[in-house]
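Residue-level structure breakdown
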Amino acid sequence: FGKWHLDAGREYQVPSPVLDHGYDDGGHPVPTEDDPKSTHAITDLATDFIRRKWTGDEPFFLQVSYEAPHTPILASPDVIEEFRAKPRGVRHTSPVYAAMLKELDDGISRIRDLLAETGLNSSTYVIFVSDNGGVANLQEDTNNEPLRLGKGTLWEGGIRVPFIATGPGITPNSISRVPVVTTDLYATILDLLGVNVADQPGIESASLVPVLENGGSIPEGHDQLRRG
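Bear in mind the structure is a predicted one, so any value in this text is a computation, not a measurement.

Secondary structure summary: the protein chain contains six helices and two strands in total. Helices and strands appear in the protein chain in the N-to-C order α-α-α-β-α-β-α-α. Relative to its length of 228 residues, the protein chain is compact, with a C-alpha radius of gyration of 19 Å against a globular reference of 17 Å. Considering only C-alpha atoms, the protein chain reaches an extent of 55 × 40 × 35 Å along its principal axes. Here the protein chain holds 228 residues, and the buried ones make up 32% of them. A separation of at least 24 residues holds for 55% of the contacts in the protein chain among residues at least 6 apart in sequence.

On to the packing of aromatic side chains. The geometry of an aromatic ring pair is captured by the separation of the ring centres together with the interplanar angle, meaning the angle of the planes. With the rule as written, the count across this model stands at three aromatic pairs. Summarising the aromatic geometry, the rings of F1 and F49 are spaced 5.9 Å apart at their centres and angled 65° between planes, so their arrangement reads as edge-to-face. Of the two residues, F1 is situated in the segment before α1 (39-53) and F49 in helix α1; the sequence distance between them amounts to 48 residues. Note on accessibility: F1 and F49 belong to one class, buried. Taking 5.7 Å as the distance between ring centres and 85° as the angle between the ring planes, the aromatic pair formed by W4 and Y23 counts as edge-to-face. Separated by 19 residues along the polypeptide, W4 in the segment before α1 and Y23 in the segment before α1 bring together distant segments of the chain. Given the relative accessible area of 28%, Y23 is considered partly exposed. Put simply, the rings of F1, F49 and F60 touch in pairs and so form one group of aromatic residues. In this structure, K86 packs its charged tip against the face of F83, placed 5.8 Å from the ring centre. We note R148 situated over the ring of W155; from NZ or CZ to the ring centre the distance is 3.9 Å.

Another point: the nonpolar core. I50 and M100 are the most contacted members of the largest nonpolar core, which totals 20 residues. Contributing elements (two or more residues each) for this core: α1, α2 (77-84) and α3 (95-118). The leading source of residues in this core is α3, at eight residues.

The next subject is α3. Across its 24 residues, α3 extends 35 Å between first and last C-alpha, which sits within 8% of the 34 Å expected from 1.5 Å per residue. Among all positions of α3, only P95, V96, Y97, A99, M100, E103, L104, G107, I111, L114, L115 and T118 are buried. Following α3 by one or two positions, G119 adopts a phi angle in the positive range, close to 80°.

With that settled, the discussion passes to unusual backbone geometry. Leaving glycine out, the prevailing phi sign among residues is negative, and the prevailing peptide bond configuration is trans. For the bond from A68 to P69, the omega torsion is -5°, close enough to zero to count as cis. Mapped onto the secondary structure, P69 falls in the loop between α1 and α2. Omega for the peptide link from E145 to P146 comes to 5°, which places this bond in the cis form. When you line up the elements, P146 lands in the loop between β1 (126-129) and α4 (156-159).

Okay, helix α5 (residues 184-192) next. Among the residues of α5, those classed as buried are D184, L185, A187, T188 and L190. On the buried face of α5, the contacting elements are β1, β2 (163-166) and α6 (209-212). G194 sits one or two residues past α5 and shows a positive phi near 90°.

As enumerated under the stated definition, the model contains seven salt bridges in all. Here K37 and E67 are joined by a salt bridge, their closest N and O atoms 3.9 Å apart. Placement of K37 in the segment before α1 and of E67 in the loop between α1 and α2 is noted, with a sequence separation of 30 residues between them. We classify K37 as buried; its relative accessible area is 2%. Across the pair R160 and E156 runs a salt bridge whose closest N-O atoms are separated by 3.3 Å.

What counts and what doesn't
Residues numbered from 1 in each chain as written. Predicted model: local features only at pLDDT ≥ 70, side-chain atom pairs only at ≥ 80, totals over all residues. Heavy atoms only, no water. Helix = DSSP H or I, 4+ residues; strand = E, 2+ residues; numbered from the N terminus. Rg over C-alpha atoms; globule rule 2.2 N^0.38 Å. Buried < 20%, exposed > 50% of the residue type's maximum accessible area, 1.4 Å probe, protein only. Contact = heavy atoms within 4.5 Å. Phe/Tyr/Trp six-rings, centres within 6.5 Å; stacked < 30°, edge-to-face > 60°. Lys NZ or Arg CZ within 6 Å of the ring centre and 35° of its normal. Core = buried A, V, L, I, M, F, W, Y, C linked by side-chain atoms within 4.5 Å. Expected span 1.5 Å × (residues − 1). Salt bridge = Lys/Arg side-chain N within 4 Å of Asp/Glu carboxyl O.

On their own, these measurements won't tell you what the molecule is for.
Rendered as structure tokens:
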């Protein structure tokens, strides 16, 4: 559910273009004045999907592609006013950007709370990741310091992004310093399902399961992550 760029111009259409790419559900709500990034509506779709699936016996895959944080920088008027009433930060000073991030945080919290409520949190992997750093020239809105530059560059400000994973076998509060890339999620998710892609030619992806289940470090005997 959410942002989808593989069918230009069809992102908000029904049925969703994601159905043409292997998904059996999906959609992107049209933004409104009170929900300009569709954050609340996307979360509604995601939580409704979980409620439909949690009583079944089959595992499910859910991808939630929020538009926040992304240009244009927008948020609900009442949340913006909440942050305008607070003291400005030192590095980040935009109340609109702060409001947009709060709504994103609230959406993720709703999903995680539902997983806990249904008991699915004990058997579900949750992976949070961004595709790139903030735009470096948006001055007041984004600041990737101490990383250099940002989106659209190969400097760390552009490619070093948050990556958080929770689930069975992952040590809570562990930190990994192993360099990975988001295409590794393909092999990782398949590995969790018992499918090994390491011997399949042309797959540019490595399973992160050995790292996730080893406190964030490459296990002894592994010189590096094996990539297809």
